[in-house]
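# Descriptive analysis of the structure
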Amino acid sequence: QVQLVESGGGLVQAGGSLRLSCAASGRILSIPVMGWYRQVPGKQRELVARKTSGITTNYADSMKGRFTISRDNAKNTVYLQMSSLKPEDTAVYYCNALVAIPTSLTRVEVWGQGTLVTVSS
């Protein structure tokens, strides 16, 4: 069983920065993709950014230039550096991973429990 544990959420003023971390643990062969999504109550979960174990990175348009995703593949950890935060960035941020495990021929998708980011105006 694979688990994702997030940390780093909290309260920050508009214009400030936060760094989220997400560490994967369990019986893992590899993690081809790790990323971050966010959700506001009443709205659909949306992609923030995702990164392959190589160099491919995708960002949602509204986060480009403000958010940076990075990975430490040796630690099975993904980070999200958020800068120039706006009140509209307030949401629960979820870590997501596509994981190769020994007991399955197909990759499994795993979600973290979510961490709340609140940006005050």
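The structure this text deals with has already been given above.
Just so it is clear, the structure is predicted and the values come from calculations on it, not from any experiment.

### As for the pattern of salt bridges
The tally for this structure, following the rule as stated, stands at 4 salt bridges. A salt bridge links Asp-61 to Lys-64, with the shortest nitrogen-to-oxygen separation between them at 3.3 Å. Among the salt bridges present, the one from Arg-66 reaches Asp-89, with a minimum N-O distance of 2.7 Å. Remark: Asp-89 occurs in the loop between strand S8 (77-82) and strand S9 (91-100) and Arg-66 occurs in the loop between strand S6 (57-59) and strand S7 (67-72); sequence separation between them is 23 residues. Each of Arg-38, Glu-46, Arg-66 and Asp-89 takes part in a single network of salt bridges with overlapping partners.

### Notes on the sheet that holds strand S1 (residues 3-7)
The strand order across the open sheet formed by 4 strands is S1-S3-S8-S7, and the pairing between neighbours is antiparallel. Bordering the open sheet on either side are S1 and S7, each of which pairs with just one other strand. Pairwise comparison of adjacent strand axes, ignoring direction, gives a mean angle of 15° for this sheet.

### A short note on unusual backbone geometry
The phi angle at Asn-76 is positive, at roughly 50°, despite the residue not being glycine. Along the chain, Asn-76 falls in the loop between S7 and S8. A residue is classified by how much of its surface remains accessible, and Asn-76, at 22% relative accessible area, is partly exposed. With phi around 50°, Ser-84 is a residue other than glycine that occupies positive phi space. Among the structural elements, Ser-84 can be located in the loop between S8 and S9.

About the criteria used
- Residues numbered from 1 in each chain as written.
- Predicted model: local features only at pLDDT ≥ 70, side-chain atom pairs only at ≥ 80, totals over all residues.
- Heavy atoms only, no water.
- Salt bridge = Lys/Arg side-chain N within 4 Å of Asp/Glu carboxyl O.
- Helix = DSSP H or I, 4+ residues; strand = E, 2+ residues; numbered from the N terminus.
- Pairing = 2+ DSSP bridges.
- Axes fitted to C-alpha atoms, helices over the stretch in contact; angles between N-to-C directions.
- Buried < 20%, exposed > 50% of the residue type's maximum accessible area, 1.4 Å probe, protein only.

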